[in-house]
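What the coordinates show
Each chain, written out:
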Amino acid sequence: MAEPLKYLLNDTVPPRIAAMVRRAWRKFDTTAFLQQVEPGYESLELMARGQRIAQALQAHLPQHVPRALGVLVDSMDPPMGLDAAGEPDAGDRPYSAFLYLPHSIYIGTHGLPHFEAAMAAQHALTQRFTAEFCIRPYLLHHQQATLARLRDWAQD
């Protein structure tokens, strides 16, 4: 029997994200972040785990959302490459791309009033994970601008 999807965001993920963010922004309070994520984390399913981490990111990143989006982008590992068949290849990274699910949730939830910064973050995100979760609010609230950007990205 396959493991539940929630284990893609196992208990090693919050400390990994904390270390990544701390590397990008030295003021990040790793201890407080982890204390906010931990209570009941193991009992949560995949999306709830991503939401929990995203909520803790929001509480501990800069409150100026464009700056916070920049920190998230700066914290990301290098983009994935492509394998011989042209498919995304994470190389020898020992984790799932779902590591970036909380980033996606943060962008979709908090970036909406900051279209350009959020689009830049989504562009960076799609080189490591899918933006299918965070693009949806932009299609609803900024439909023309988002579709225009997606047309540009289709050639990227």
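Everything discussed here concerns the structure shown above.
Residues numbered from 1 in each chain as written. Predicted model: local features only at pLDDT ≥ 70, side-chain atom pairs only at ≥ 80, totals over all residues. Heavy atoms only, no water.

Here we take up the overall build of the chain. In terms of regular secondary structure, the chain is built from 8 helices and 2 strands. Start at the N end of the chain and walk to the C end: the helices and strands fall as α-α-α-α-β-β-α-α-α-α. Computed over the C-alpha atoms, the radius of gyration of the chain is 16 Å, within 12% of the 15 Å expected from 2.2 N^0.38 for a compact globule of 156 residues. Structurally, the chain occupies a C-alpha span of about 40 × 40 × 30 Å along its principal axes. When burial is assessed residue by residue, the chain has 40% of its 156 residues classed as buried. Across the chain, the fraction of contacts at a sequence separation of at least 24, relative to all contacts at a separation of at least 6, is 66%. Carbon and sulfur atoms provide 55% of the accessible area of the chain, an area that totals close to 8500 Å². A distance of 8 Å separates the average location of the 14 positive side-chain charges in the chain from that of its 16 negative side-chain charges. (Helix = DSSP H or I, 4+ residues; strand = E, 2+ residues; numbered from the N terminus. Rg over C-alpha atoms; globule rule 2.2 N^0.38 Å. Buried < 20%, exposed > 50% of the residue type's maximum accessible area, 1.4 Å probe, protein only. Contact = heavy atoms within 4.5 Å. Areas by Shrake-Rupley, 256 points an atom, 1.4 Å probe, with all protein chains shown as cover. Lys, Arg positive; Asp, Glu negative; His and termini not counted. Charge placed at Lys NZ, Arg CZ, Asp CG, Glu CD.)

Further remarks concern the packing of helix α3 (residues 46-60) against helix α5 (residues 101-110). Across the interface, α3 lies against α5 with an axial gap of 8 Å and an inter-helix angle of 65 degrees. Seen along the crossing, α3 lies across α5 with a hand that is right-handed. In this structure, α3 uses Leu-46, Met-47, Gly-50, Gln-51, Ile-53, Ala-54, Leu-57 and Gln-58 to contact α5, whose residues at the interface are Leu-101, Pro-102, Ile-105, Tyr-106 and His-110. In the contact of α3 with α5, the residues fall into 9 nonpolar, 4 polar and no charged. (Axes fitted to C-alpha atoms, helices over the stretch in contact; angles between N-to-C directions. Left-handed = near helix turned anticlockwise from the far one by under 90°. Nonpolar A, V, L, I, M, F, W, Y, C, P; charged D, E, K, R; others polar.)

Before going further, it helps to examine the side chain of Arg-52. Structurally, the position occupied by Arg-52 is in helix α3. This buried residue, Arg-52, is left without a salt bridge; Glu-38 holds the nearest opposite charge, at 7.3 Å. At 2.5 Å, the side chain of Arg-52 forms a polar contact with the backbone oxygen of Pro-39. Beyond its immediate stretch of four places on either side in the chain, Arg-52 contacts Gln-36, Val-37, Glu-38, Pro-39, Gly-40, Tyr-41 and Leu-44. (Salt bridge = Lys/Arg side-chain N within 4 Å of Asp/Glu carboxyl O. Polar contact = N/O pair within 3.5 Å; in protein donor to acceptor, adjacent residues only side chain to side chain.)

Now for the layout of surface pockets. Where empty space is left can be seen by rolling a probe of water-molecule size over the atoms. Estimated volume of the largest pocket: approximately 150 Å³. Along the walls of the largest pocket sit His-123, Thr-126, Gln-127, Trp-153 and Asp-156, which together make up its complete lining. Residue composition of the lining of the largest pocket, grouped by class: 1 nonpolar, 3 polar and 1 charged. (1 Å grid on protein atoms, 1.4 Å probe; cavity = no way out; pocket = protein on both sides within 12 Å on 5 of 7 lines; lining within 4 Å. Points joined across faces, edges and corners; volume = space filled by probe spheres on them.)

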